[in-house]
Amino acid sequence: MIGNTNTLELLVLLILIIFGLTEIFAGRLKNTKRTFSDWLQEAGSFAVLMVAIKPLIFLAVLGLGNLIVPDWHNRFSQTSFWILLPVFLLVDDVFQYGYHRLAHEHDFFWKLHRPHHQAEEMGFFVSYRNAGLYYVLMPNIWWTGIMTFLGGGLAVTVGLILKQLVIIGSHSTVKWDKPLYAIPVLSSMMTVVERIIVTPAFHYAHHGKSKRDGISDPNGNYGNMFSIWDQLFNTAVFTRKFPTELGLVNDPKENWLAAYFYPLVKSGNPESELSAGYKKVSTTVNEPASVEVKNGEKYLWCRCGKSKNQPFCDGSHHGTKHKPLLFEAKKDGVIKLCNCKLTNTAPYCDNSHLKEGK
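The structure presented is a predicted model; accordingly, all values stated were derived computationally and were not measured. Residue numbering note: each chain is counted from 1, following its sequence as written. Totals for whole chains, interfaces and linings use all residues, but because this is a predicted model, local features are given only for residues with pLDDT of at least 70 and pairs of side-chain atoms are given and counted only at 80 or more. The side-chain figures draw on all heavy atoms in the structure; neither hydrogens nor water molecules are used.

A. Molecular detail of the overall build of the chain. A helix here means a DSSP run of H or I that spans at least four residues, while a strand means a run of E at least two residues long, and both kinds are numbered starting from the N terminus. For the chain, the count of helices and strands is 13 helices and four strands. In summary, the chain has a C-alpha radius of gyration of 22 Å against a globular reference of 21 Å for 358 residues, a match within 12%. Principal-axis analysis of the C-alpha atoms gives the chain an extent of 70 × 50 × 40 Å. Residues classed as buried in the chain amount to 49% of the 358 residues present. Considering only contacts within the chain whose residues lie at least 6 apart along the sequence, 71% involve residues at least 24 apart. Taken as a whole, the chain presents about 17300 Å² of accessible surface, with 62% of it coming from carbon and sulfur. Here the radius of gyration uses the C-alpha set of atoms, whereas the globule reference equals 2.2 Å times the residue count to the power 0.38. Burial classes: relative accessible area under 20% of the type maximum marks a residue as buried, over 50% as exposed, and values in between as partly exposed (1.4 Å probe, protein chains only). Two residues form a contact once any of their heavy atoms are found within 4.5 Å. Note on areas: these come from Shrake-Rupley sampling with a 1.4 Å probe, and a residue is covered only by the protein chains present in the view.

B. Examining the pairing of strand 3 (residues 325–328) more closely. Residue alternation in strand 3 divides its side chains into a buried set, Leu325 and Phe327, and an unburied set, Leu326 and Glu328. Relative to strand 3, strand 2 (residues 298–301) runs antiparallel, the two sharing four bridges. Looking across to strand 3, one finds that Tyr299 is bridged to Phe327. We treat two strands as partners when DSSP finds at least two bridges between them.

C. Here's a closer look at helix 7 (residues 153–171). An ideal rise of 1.5 Å per residue puts 27 Å on 19 residues; helix 7 measures up with 27 Å between its terminal C-alpha atoms. Within helix 7, 15 of the 19 residues are buried, which leaves the element mostly enclosed by the surrounding structure. How far a helix is expected to stretch is found by multiplying one less than its residue total by 1.5 Å.

D. A look at the packing of aromatic side chains. Stacked, tilted and edge-to-face pairs are distinguished by plane angle, under 30 degrees for stacked and over 60 for edge-to-face with tilted covering the rest, among Phe, Tyr and Trp rings (Trp via its six-membered ring) whose centres lie within 6.5 Å. Taken as a whole and judged by the stated rule, the model has 18 aromatic pairs. Measuring from ring centre to ring centre gives 6.5 Å for Phe88 and Trp143, while their planes differ by 15 degrees; the resulting arrangement is stacked. Placement of Phe88 in helix 3 (residues 81–105) and of Trp143 in helix 6 (residues 139–149) is noted, with a sequence separation of 55 residues between them. Across the pair, exposure class does not vary: Phe88 and Trp143 are buried alike.

E. Seen up close, the side chain of His206. Structurally, His206 is set in helix 10 (residues 200–207). A polar side-chain atom of His206 sits 3.1 Å from a polar atom in the side chain of His117. Once residues lying within four places of it in the same chain are set aside, the contact partners of His206 are His100, His104, His113, His117, Asp217, Pro218, Gly220, Asn221 and Tyr222. Here a polar contact is taken to be a pair of N or O atoms separated by no more than 3.5 Å, where protein atoms must pair a possible hydrogen donor with a possible acceptor and residues adjacent in sequence count only if both atoms sit in side chains.

F. Examining the nonpolar core more closely. One finds Tyr128, Tyr134 and Tyr135 to be the most contacted residues of the largest nonpolar core, which totals 24 residues. When residues of this core are traced back to their parent elements, those giving at least two are helix 2 (36–68), helix 3, helix 4 (107–118), helix 5 (132–136) and helix 6. With six residues, helix 2 is the largest single contributor of residues to this core. Setting aside anything within four residues of it in sequence, one finds Tyr135 in contact with Ser45, Leu49, Ile53, Ile57, Ser127, Tyr128, Arg129, Asn130 and Ile141. We define a nonpolar core as any set of buried Ala, Val, Leu, Ile, Met, Phe, Trp, Tyr and Cys residues linked to one another through side-chain atoms lying within 4.5 Å. Grouped together as the second largest cluster of nonpolar side chains are 17 residues, Leu160, Phe202, Tyr222 and Met225 included.

G. Summary view of unusual backbone geometry. Look at the link from Tyr262 to Pro263: it is a cis peptide, with omega at 5 degrees. Across the junction of Ala346 and Pro347, the peptide omega takes the value 10 degrees, indicating a cis bond. Among the secondary structure elements, Pro347 is positioned in the loop between strand 4 (333–337) and helix 13 (352–357). Of note, Asn74 is a non-glycine position whose phi angle comes to about 60 degrees, a positive value.

H. View of a nonpolar patch on the surface. On the surface, a nonpolar cluster with roughly 580 Å² of combined accessible area is contributed by Leu64, Leu67, Ile68, Val69, Trp72 and Phe76. A residue is classified by how much of its surface remains accessible, and Val69, at 34% relative accessible area, is partly exposed. For patch detection, residues must exceed 30% relative accessible area and be free of salt bridges, and they are connected within 9 Å for like charges or within 5 Å for nonpolar side chains (Val, Leu, Ile, Met, Phe, Trp, Tyr). Salt bridge, as applied in this entry: a Lys or Arg side-chain nitrogen positioned within 4 Å of an Asp or Glu carboxyl oxygen.

I. Local environment of empty space enclosed by the protein. Here the term cavity refers to a set of points on a 1 Å grid, laid over the protein atoms alone, in which a 1.4 Å probe fits but cannot get out; the term pocket refers to an open set having protein on both sides within 12 Å along at least five of seven lines, with lining residues being those that place an atom within 4 Å of a point. Grid points are joined across faces, edges and corners, and a volume is the space filled by probe spheres set on the points. According to the stated counting rule, one finds four cavities of 30 Å³ or more in the structure shown. Taken as a whole, the largest cavity spans an internal volume of roughly 320 Å³. Gln96, Tyr135, Met138, Ile167 and Asn224 are, among the 23 residues lining the largest cavity, the residues nearest its centre. Where the lining of the largest cavity is concerned, the elements lending two or more residues are helix 2, helix 3, helix 4, helix 5, helix 6 and helix 7. When residues in the lining of the largest cavity are grouped by element, the largest group, five residues, is from helix 7.

It is worth stressing that arrangement in space is one thing and function is another; only the former is reported here.
Take a look at the structure:
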């Protein structure tokens, strides 16, 4: 099993080197704004994942498997590779989709995944930028160990190589899909491709800073290798466009130690979600907000009730199941927006706050 892990690590490293060299020769890293902390989080997280976390999980699965179900060791070693490969990939990816979505809808897991979205530039290493505990708890890494224990080592190795090509490709600054959309024949082909696998345009939208650009959806497009889960669970957005702003709204830019080692290490910035005692509190009030809007301008109305910029979104919904509502002003003037979050005509006030006050 460990031999398979070492082979996999070398192949993944080779893929990273290829994408890295491509980005360098294409001049994509020439004007990078990445700080030393960014590089440390991305490269360091990859190194720890490959050298420590994955091998230890594999050893844990091997030990537990031989202790609890020894008869199942290599049980499927004679099963056809062409059966094991799709089984491994589909189970792996649906686990990844569910875990990734959980990380956007649950406060604790969001804090572990948050470093991934702090990146203000895409790049081949960004896919490995998460807190260490995020990977320890990742179900599909454990599934990889289980599948290998059961005798599907070859399927795991081939499957993860295919998966890494898609994942690293969708995070890379080399937007391989972009020129294909401009060619009619290939554009039609890409309609099929993007409905199956995650393309750069599909995943870049997930990293966009705000839905206001009409492209981004930080709380959608959760797919890792396949986009089919997003389509099944109604979280898919296909625009074929790339957001110009990436990262988090109101990012306090914590020290890399807190970003990687949370919750063992907390941020010293009291405004940070990763600081000790930080809590998101309700900022709703039982009266509408009168705001001036401009015709044609797009606005994000807060749904979670935690924004410090009511009635508009400030990113506080991350780590909850709420998503802000994007709307466009139809004319210049003052409008009344709901501040109690009970309206049935969102984002506009329908006097639901009067019923709440009774």
